Each structure stands twice: as C-alpha cells, then as structure tokens.
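As a plain string of letters, each chain reads:
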Amino acid sequence: MPDPSTPSSANSPDPNVPGFTTGFNPVAGLAAVVLPGLGHAVRGERKRGLLAGAGVAGLFVLGLLVGGVDVIDSKQDRLWFFAQAGVGPATFLVDHYHQNSLKVVAMRTVMTPRGAAQVPDSRSVNPDEGRTTDGKPRPLAQGERTPNSKSLGRVNELGTLLVALAGMMNLIVILDALFPRTWKKGAAS
Amino acid sequence: MNTLAEAWRPFLDPLPLHDHVLWLLVPTALLIAMTWKAVRMPALDGSHNPKAGAYPKQVIVMGVQIVLAMLLLHAAFIVLVRFVLPMVAPMPG
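Residues numbered from 1 in each chain as written. Chains lettered and ligands numbered in written order. Predicted model: local features only at pLDDT ≥ 70, side-chain atom pairs only at ≥ 80, totals over all residues.

1. Quick look at the interface of chain B and chain A
For step 1, the next point in the chain: Taken together, the 24 residues of chain B in the interface contact 36 residues of chain A.
For step 2, the next point in the chain: Here the residues of the side of chain B that touches chain A are counted per class, giving 18 nonpolar, five polar and one charged. (Contact = placed C-beta atoms within 7 Å. Nonpolar A, V, L, I, M, F, W, Y, C, P; charged D, E, K, R; others polar.)

2. Quick notes on the pairing of strand 4 (residues 115-123) of chain A
Residues and elements named next belong to chain A.
For step 1, the next point in the chain: Counting buried residues along strand 4, only zero of its nine residues qualify, which leaves the element largely exposed.
For step 2, the next point in the chain: Inspection of the sheet shows strand 3 (residues 104-112) paired to strand 4 by nine bridges, in the antiparallel sense. Directly across from Arg108, in strand 4, lies its bridge partner Val119. (Buried ≥ 20, exposed ≤ 12 C-beta atoms within 10 Å, placed from the backbone. Helix = DSSP H or I, 4+ residues; strand = E, 2+ residues; numbered from the N terminus. Pairing = 2+ DSSP bridges.)

3. Observations regarding helix 1 (residues 26-34) of chain A
For step 1, the next point in the chain: Looking at helix 1 of chain A, one finds that the buried residues are Ala28, Ala31, Ala32 and Val33 of chain A.
For step 2, the next point in the chain: If you follow the buried residues of helix 1 of chain A, they end up packed against helix 2 (38-42) and helix 6 (153-178) of chain A.

4. A short note on the nonpolar core
Soluble globular proteins tend to bury their nonpolar side chains together.
For step 1, the next point in the chain: Grouped together as the largest cluster of nonpolar side chains are 46 residues, with contacts concentrated most on Leu59, Leu162 and Ala166 of chain A.
For step 2, the next point in the chain: Every element with two or more residues in this core is listed here: helix 1, helix 2, helix 3 (46-67), helix 5 (89-102) and helix 6 of chain A together with helix 1 (25-40) of chain B.
For step 3, the next point in the chain: Of the residues forming this core, the biggest block, twelve residues, is contributed by helix 6 of chain A.
For step 4, the next point in the chain: If we skip the residues at most four places from it in the chain, Leu162 of chain A touches Leu59, Leu62, Gly63 and Val66 of chain A together with Thr28 of chain B. (Core = buried A, V, L, I, M, F, W, Y, C linked by C-beta atoms within 7 Å.)

5. Description of the environment of Gly37 of chain A
Residue and element names in this part refer to chain A.
For step 1, the next point in the chain: Structurally, Gly37 can be placed in the loop between helix 1 and helix 2.
For step 2, the next point in the chain: Residue class for Gly37 comes out buried when judged on the 27 C-beta atoms lying within 10 Å of it.
For step 3, the next point in the chain: Note: C-alpha distance between Gly37 and Lys47 (ten residues apart in sequence) is 9.3 Å.
For step 4, the next point in the chain: When residues no more than four places from it in sequence are discounted, the contact partners of Gly37 are Gly49, Leu50, Ala52, Gly53 and Val173.

6. Observations regarding the confidence of the model for chain A
For step 1, the next point in the chain: Residues of chain A with pLDDT of at least 70 account for 86%, and the chain-wide mean is 86.
For step 2, the next point in the chain: Of the regions scoring below 50 in pLDDT, residues 5-13 of chain A engages in 22 contacts with residues more than four places distant in sequence or in other chains. (pLDDT = per-residue confidence, 0-100.)

7. Some details on unusual backbone geometry
Where the residue is not glycine, phi is negative for most of them; where a peptide bond is considered, it is trans in most cases.
For step 1, the next point in the chain: Despite not being glycine, Phe11 of chain B has its phi angle at roughly 75 degrees, a positive value.
For step 2, the next point in the chain: In this fold, Phe11 of chain B is placed in the segment before helix 1.

8. Comments concerning the packing of helix 1 of chain A against helix 6 of chain A
All names here are of chain A.
For step 1, the next point in the chain: Following both chains from N to C, one finds helix 1 and helix 6 inclined at 160 degrees, their axes separated by 7 Å at the closest point. Here helix 1 lies roughly antiparallel to helix 6, going by the angle between them. Note on packing geometry: the crossing formed by helix 1 with helix 6 is right-handed. Contact residues: Pro26, Ala28, Gly29, Ala32 and Val33 in helix 1; Val173, Ile174, Ala177 and Leu178 in helix 6.
For step 2, the next point in the chain: Considering only residue class, the contact of helix 1 with helix 6 consists of eight nonpolar, one polar and no charged. (Axes fitted to C-alpha atoms, helices over the stretch in contact; angles between N-to-C directions. Parallel < 35°, antiparallel > 145°, perpendicular 65-115°, else oblique. Left-handed = near helix turned anticlockwise from the far one by under 90°.)

This is how it looks when you write it as structure tokens:
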C-alpha cells in the first residue's frame, strides 16, 4: 500500500502552509469520478475515501428518499441535472431508469407556423395512468398503482437540492483526489 | 397513507414530509460536514491541530455551525420581511 502522506506524482511545496505539499494524481481523479471516495482509496487513504464517499452517498440517497427518483430528470430539470451529475455514473443510471422505465411518451399538440402538429412528449405519468411496456400511457387497472409518483412542492425542491448538493460536494472530493494536498506530521510549526 | 395499497414505496414515491422539511437541515448539515472534513482535514486523528479535535468532533462542530448559521439567516429574513420592509415600503391600508 502506498504511503498516504506522499502523493504519487511530483510534489511541489505549498508556499502558504508549512508542511503541506500538493501533487497531481490523474488515476485517483478518474477513480473519484467513477465512484465517490474511490480516488482517495486508490491513493491509499481508504478511511478518508470511505468517509467522503459516505457523505456524498448519504446526501444522494437522502435526496432520492425524500423526493423519489423524480428529483433526477435530465429533460425537465436540466440545470439541476448538471449539478447532480457531479455524483458520477449513479446519477446517469438513475436518470436512465427514470426516463426509460417510469416516464411515458405521449403525443402532444403544438402550434407551428404551418399549423397544429403532434410531437412526442416525454412526461411523468398522471395519477390515473399506468405505463405500457413500450412506454405509452394507459388507464390504470383496478387496484393497480402508477409506476411512480411525481414529487411536488417542498419535498421535490428539497430532494432535488440534496442530490445537487451531493454532486457539488463530490466535485470537491474529485478535485482533492486529483490534486492531493498532503501534510507531514511534525512539519508544521 | 390510509390503505396498504397506498403504502409508501421507497425511491418511487416522495416521502410525505411536507410539514416537516425543515428537520432535513440537520442530516444535511451533518452529511456536508462529514464530506468536507474528510477531504480538508490534514490528519483525520486531529494531530495537525490537537485543539480542534479528531474527525468526529470536527464534523459535529461544523454541522452545528451550519445549523446555527441557517437559523440566524432565517431570523434575519423574518426581521427583514416583517419589520424592515414594512417600514421602508408600507402597504396601503
């Protein structure tokens, strides 16, 4: 196991703080993008990676629990999705599941310069709708429930915000894995 | 949530927390502090700054600081909306 106090690439002393050095570790940066905290584990700092990853994963799961998968929506909440994407592949997997397994595609009438036209519209199911296997809306059968419920109001805002916070915190974790700042015991005055 | 058929499905249905969302501030602050301190502490055992303490203590201190800062901000906005703005721009009637 590599020494956690030594970055794996060339070091340069941090002129501002005694005892600190900064480095550049692209492998750790890439690992951090794949899974929160994995970059630090690759660097040999397993405990630090576990704690940072647990914090990011906690925010992510809490957001999904509070607002449901509806809080990750790359089509209807695109700007929020940019912040949420900082978590990494997990966000894209949840969004893929949401878009392709829970939403329905219905035809919607829009006005164009040539008149009214029907365009496909991807949207959440209504409270009285089910979903066919090819993604079209259908009436609910007796006793059947919708694939998911659209979150509204405060729980949607909070859920969306929590997942976005997870993404932004993970960007900090990724940057720290990519540019490790280490401290040597006894070096600080 | 009156019947079994309407039971909450984790991750598919939102939690019925509409009147209690403010309590989410506590776990949110602690999770943010947990991530931040894991990344920014030079030594997780606190040996870089023994006065500040080890990782768990610093996480709790930062979490409490975030919660208190949010409460102060909340109080400041109440004062602004209920007292300062009515003085600056009084509503007719």
